[in-house]
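# A structural walkthrough
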Amino acid sequence: MLSTPARIGSRHAVAPTALHSRSAQTFRAFYATIRSLRHTYEPPEPDDVEPSEKDFILSLLRANPSLRDTKSYLASFGPRPQPPRPPAPKEEKAPLLTENDIDAQSETKPPDIKTSTSPVVASILNPVYRRTALVKLQAPFTDRQLESIARGMIYLEKLGLVSVIVVENDQLAKGERGERAALVEETMRVVNALEHHGARARPVLGAVVRLGPKPGDEESSEPRDYILPEAHTFPSDLVHIRSALRAGEIPVLPPLALDSFCRSVRVDANDVIAALVRGMGEAAALDDGQFHGDENPSMFLDEIDLTPLRLMIITREGGVPSYARQGLPHLLINLTSESSYIRETFDPRWKPSHPTALSNLELARTCLAFMPPSSSAVMVSHRSPSHLIGNLITNRPAVSSSLPHALLQGNRKLTPHTPTLLRRGLPIRVVRRVDDIDKAKMKVLLEQSFRRELKDDEFWERMERDLDFVIIAGDYAGAAIVTREPCPAETSSAVAPITYLDKFAVLPSHQGDGTVDFLWVALHDETYGLGLPFSANPNGGKEGKGEGRDLVWRSRADNPVNKWYFERSTGHLRQGDWVLFWCDAEVRLKTEEGRRASAGLSYLEEWEQGRLATWSDVVMKIPSSWEPKA
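What comes next concerns the included structure. (Residues numbered from 1 in each chain as written. Predicted model: local features only at pLDDT ≥ 70, side-chain atom pairs only at ≥ 80, totals over all residues. Heavy atoms only, no water.)

All right, on to empty space enclosed by the protein then. Across all of its chains, the model carries five cavities of 30 Å³ or more by this definition. In terms of lining residues, the largest cavity is bounded by 29 residues, among which E338, V521, D525, F534 and N537 are the most central. Going through the elements one at a time, β10 (332–334), α11 (335–344), α14 (405–409) and α17 (515–526) are the ones with two or more residues in the lining of the largest cavity. Of the residues forming the lining of the largest cavity, the biggest block, six residues, is contributed by α17. Per-class residue counts for the lining of the largest cavity are 16 nonpolar, ten polar and three charged. (1 Å grid on protein atoms, 1.4 Å probe; cavity = no way out; pocket = protein on both sides within 12 Å on 5 of 7 lines; lining within 4 Å. Points joined across faces, edges and corners; volume = space filled by probe spheres on them. Helix = DSSP H or I, 4+ residues; strand = E, 2+ residues; numbered from the N terminus. Nonpolar A, V, L, I, M, F, W, Y, C, P; charged D, E, K, R; others polar.)

Listed below in structure tokens is the structure:
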């Protein structure tokens, strides 16, 4: 951080006449940090809670986290276990002091020295383990819009996520006269907005990244599915960001980088953010090594984890438009398997309203490659600060992408400003032969997911006879096994054979990271969603071509996952210890609804006659794949 005279001097060096109208506001922002250090913050009484506090509490309630979400949040932000402390030295008997010695000590001890707070007391007073997020603010924003964004940043800080903000201005042409002054002005507007709402912010106006690829990247032969950033940084370059975070301040940066002549030049904000994500992760790894190797680990207890946990791209555009939702945003994107297809299906008519959607999509793909597997990116409108809290606590999209398409179309939560959640994800592929399945890995997946022992011989014998296809996520991180169950000879061809979901499994280590939704969307596209244009996803399956089939499956009545099944199924039927679920073929429903216009579907359609009895009779006779419980 620059000293006060240096910061004032740098401001006069870059401030042209265009900035004079905001000079008072800018000076206030420069001195706000110093002023906040001098005044102790007094928390309001419970009866004097500000409206922003009420909004914060309401945003927490709207997030509606599950037990798994809560455990995941506490694992990231809850108090960390204290490292083992070195044994206390043996107490030595102090010599007896005379009355004159005691009087001398009391006279020489300065009255303003306070004893240091013990680590135990400090952990109780401040139990949140702080993590970092990289935030791209894609300006220009009005003052009202900046206020909304600032509230969102402050909400996140209260929950332990401290933002490192990079400010971009799309309307400022590169190379324009006064470009640097305008960037500083935009940065100071963000600082002012944050401090106006009670946060402590620090403008970092010097370049913290270096232009050009990182040394050694060009010689590397490692395969990549992302674009390397055109900038890089080293741990020593992050001193100003680290200093601000230690002081409890939010760093706010313009998109500047040092070129080969050590000149500070404007670059694309995406390159700055990608370089920071990579550099902060590498610096955190070095900190972790020092922490474990240091003889006095207590000196690192107050350090913020520099590893970015979230990437937030805040724009006026919102999320990435989806062809499946007539231009409304994608809800959840598996970057590994969907990014290329999203580019191919991006309608040119969306370009004026979403000019940076695809470049931000590529930014998320690059950044998530350097972030922990549990991390995510979110593209959100400035109108939705409360969605940032929901994303932080639950790490899930605002609306699940695996819900029935008709339900999503009628969901009032789905608006042009609904955020898009992006995960690095896993490759999704469809196989149709048992010989193409790695039986050993599939056995591990099924047994770990269901916590039961598989009947190997009986299970694979049945797969050889009845397998339709298997959807596999990654290296057997998850799988959906679908069979075609034969029916009695007199059964209608509209019902027989039954498309049966035999197994739906995800490794415990991948539960909660989006794999479940990715699998179910692929399952929809291969079964009851076939024939619809938005089911043409390139996962190695039928790519949307074919006739949709009703999907049927069963689940134990006491299965805690049933709530999730109820939300995604068309209907269910209780059968003693079992619940029978099904999803109707969507093309058939859509065709009938279009034919009858406002009349709608009847309670029992002709094609539904007798199918429940057939499903129940066939499905309930399918033998168990598991060994008896001990």
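Quick look at the pattern of salt bridges now. Under the definition given, this model contains 31 salt bridges. Between R462 and E485 there is a salt bridge, and its shortest N-O distance comes to 2.6 Å. Of this pair, R462 sits in helix α16 (residues 456–466) while E485 sits in strand β15 (residues 478–485), placing them 23 residues apart in sequence. What makes R462 buried here is its relative accessible area of 7%. A salt bridge links R462 to D502; its shortest N-O distance comes to 2.5 Å. With R462 in helix α16 and D502 in strand β16 (residues 498–506), this residue pair connects regions lying 40 residues apart in the sequence. (Salt bridge = Lys/Arg side-chain N within 4 Å of Asp/Glu carboxyl O. Buried < 20%, exposed > 50% of the residue type's maximum accessible area, 1.4 Å probe, protein only.)

The next point concerns the packing of aromatic side chains. According to the stated counting rule, one finds 16 aromatic pairs in the structure shown. Look at Y323 and Y341: their rings are 5.9 Å apart centre to centre, the planes differ by 80°, and that puts the pair in the edge-to-face class. Note that Y323 is positioned in the loop between β9 (305–315) and β10 and Y341 in helix α11, a separation of 18 residues in sequence. Residue Y323 is classed as partly exposed on the basis of its relative accessible area, which comes to 24%. With a relative accessible area of 18%, Y341 lands in the buried category. Taken together, a centroid distance of 5.0 Å and an interplanar angle of 75° make the contact between F459 and W460 edge-to-face. Here a set of aromatic residues connected by ring pairs shows up, and it is made of F504, W520, W553, W564, Y565, F566 and F581. A cation over an aromatic ring shows up here: R554 above the ring of W578, its NZ or CZ 4.4 Å from the ring centre. (Phe/Tyr/Trp six-rings, centres within 6.5 Å; stacked < 30°, edge-to-face > 60°. Lys NZ or Arg CZ within 6 Å of the ring centre and 35° of its normal.)

What follows is about the side chain of R131. Note on placement: R131 falls in strand β1 (residues 131–139). Looking at R131, its side chain comes within polar contact range of the side chain of D305, at 3.4 Å. (Polar contact = N/O pair within 3.5 Å; in protein donor to acceptor, adjacent residues only side chain to side chain.)

With that out of the way, let us pick up the pairing of strand β2 (residues 161–169). Among the nine residues in β2, nine count as buried, and that is most of the element. Of the two faces of β2, the one holding L161, S163, I165, V167 and N169 and the one holding V162, V164, V166 and E168 are both buried throughout. As judged from the nine bridges shared by β1 and β2, these two strands associate in the parallel manner. Looking across to β2, one finds that A133 is bridged to S163. Once the chain exits β1 it traverses helix α7 (residues 143–158) before rejoining the sheet at β2, and the crossover so formed is right-handed. (Pairing = 2+ DSSP bridges. Right-handed = clockwise from strand over helix to strand, strands pointing away.)

Topologically, G529 is positioned in the loop between α17 and β17 (551–556). Considering only alpha carbons, one finds G529 and L551, 22 residues apart in sequence, at a separation of 9.7 Å. Setting aside chain neighbours within four positions, we find G529 in contact with H524, S535 and E586. (Contact = heavy atoms within 4.5 Å.)

Residue pairs spaced three or four apart in an α-helix point in one direction, given the helix's 3.6 residues per turn. Compared with the 16 Å implied by 1.5 Å per residue over twelve residues, the 16 Å span of helix α15 (residues 439–450) between its first and last C-alpha is a close match. Considered for burial, the residues of α15 that qualify are M442, L445 and L446. For α15, the arc enclosing every buried residue in end-on projection is 90°, short of the 170-degree limit, so these residues lie on one face. Along its buried surface, α15 packs onto α16, β14 (467–473), β15 and β16. Backbone geometry just after α15 places R451 at a positive phi near 55°. (Expected span 1.5 Å × (residues − 1). Arc of directions from axis to C-beta.)

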